[in-house]
Amino acid sequence: MKSMTARRVTLCVAVVAALTGVAACGSSDSGKGDKASGGGAIHVSPIAALRSAEQSTDKADSAKVRSTTSIGTLMSMTANGALTWGDGLKGNLTITYTGGQMAELMKKAGTASMEARYLPDAYYAHMSDAYAQQTGGKHWLKYSYDDLAKLGGASGTYMKDQLQNSTPNQSVKLLLASKQVKKVGEETVDGAHTTHYSGTVQVADLAGRSSNLSADQLAALKQQLTQAGITTDTIDIWINDQNLLVKKTEKADTAKGAMNSTAYYSDYGVKVSAVAPPASDTKDFKDLMKSLGTPGSSNTANGSGISS
């Protein structure tokens, strides 16, 4: 595998694995509000119902997650695993690239899927034997959140903030903050009775509400989002009778094409174990970039990490 391919794969994995973790578990910003009574037999307003769902999902601490994501012709992928968020984001997801430029790039790297392992200070990506030829035989890449922040500028800082302070009810909080949520109706999801809610949020405005960025960092992030063509995010969520999030969809337009994401949550409270891989089989992302001679910046604002 050529070093140029290795560089592109390394940068793409940095962005995709991080975005997958954010999509599965998002911001930890907890909107405070009046508690609402749960249960399908009690009629409550959408805002009150979402506040109850936010609190119940947050307290559950862990869940199994399966999701699909597509961004124009850039990529389509699936993720499957389990995450816990009680003491920082931890867990494991198997990410499989099913189409687009990313799938072709990963084929050149010798695999169509990888394991992403999330810990509070970093995440790790398990790569193929072919890729390991570029890393002295080491199969795991370590991406510290501090290094991601430096790589992506304001968007990297935002990504670090979200990954280090995450709960799975990001979408619930986004709808609460938007104050433009409506009840769609009652539907069955995976055999369970649920209530469906929908709304559209301004992405840049919500970033300010759901992160700890400074004013300058937030302004830079908004500029990057504008350049990436990301302005609004249409979110739909399904809440079961236990006030737990069981499904969410997100739709947005980007400079790389339409983004569509669907995630399902189940087995709340499942035991999740995640530890750092053996140091002898791990290569640090920053060190690898230096050895491959990667330029100092990448096109992370468009969500791809692939230079045009």
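What counts and what doesn't
- Residues numbered from 1 in each chain as written.
- Predicted model: local features only at pLDDT ≥ 70, side-chain atom pairs only at ≥ 80, totals over all residues.
- Heavy atoms only, no water.
- Pairing = 2+ DSSP bridges.
- Helix = DSSP H or I, 4+ residues; strand = E, 2+ residues; numbered from the N terminus.
- Axes fitted to C-alpha atoms, helices over the stretch in contact; angles between N-to-C directions.
- Contact = heavy atoms within 4.5 Å.

Chemist: Where do I start with the pairing of strand β1 (residues 62–71) in this structure?
Modeler: Two faces belong to every sheet, and in a regular strand the side chains alternate between them. In the sheet, β1 pairs with strand β2 (residues 75–84) via ten bridges, with the strands oriented antiparallel. By the bridge assignment, S62 is partnered in β2 with T84. In sequence, β1 turns back onto β2 through a hairpin of three residues, with G72 there showing a positive phi of about 45°.

Chemist: What is the right way to look at the sheet that holds strand β5 (residues 122–126) in this model?
Modeler: Strand pairing in a sheet is mediated by backbone hydrogen bonds. Such pairs are either parallel or antiparallel. If you walk across this open sheet you meet the twelve strands as β7-β8-β9-β10-β11-β1-β2-β3-β4-β5-β6-β12, and the pairing is mixed. On the outer flanks of this sheet lie β7 (181–189) and β12 (282–284), each paired with one strand and no other. Pairs of neighbouring strands in the sheet enclose a mean axial angle of 20°, with direction left out of account. Note: strand β6 (residues 140–144) against β12, three bridges, orientation parallel. Residue pairing for β12: K142 is matched across the bridge by D284. Together, β7, β8 (192–202), β9 (232–240) and β10 (245–254) form the strand contacts of helix α2 (residues 46–59), whose direction differs from that of β7 by roughly 60°. In the packing of helix α9 (residues 285–292) onto the sheet, contacts are made with β6 and β12, and the angle to β12 comes to roughly 70°.

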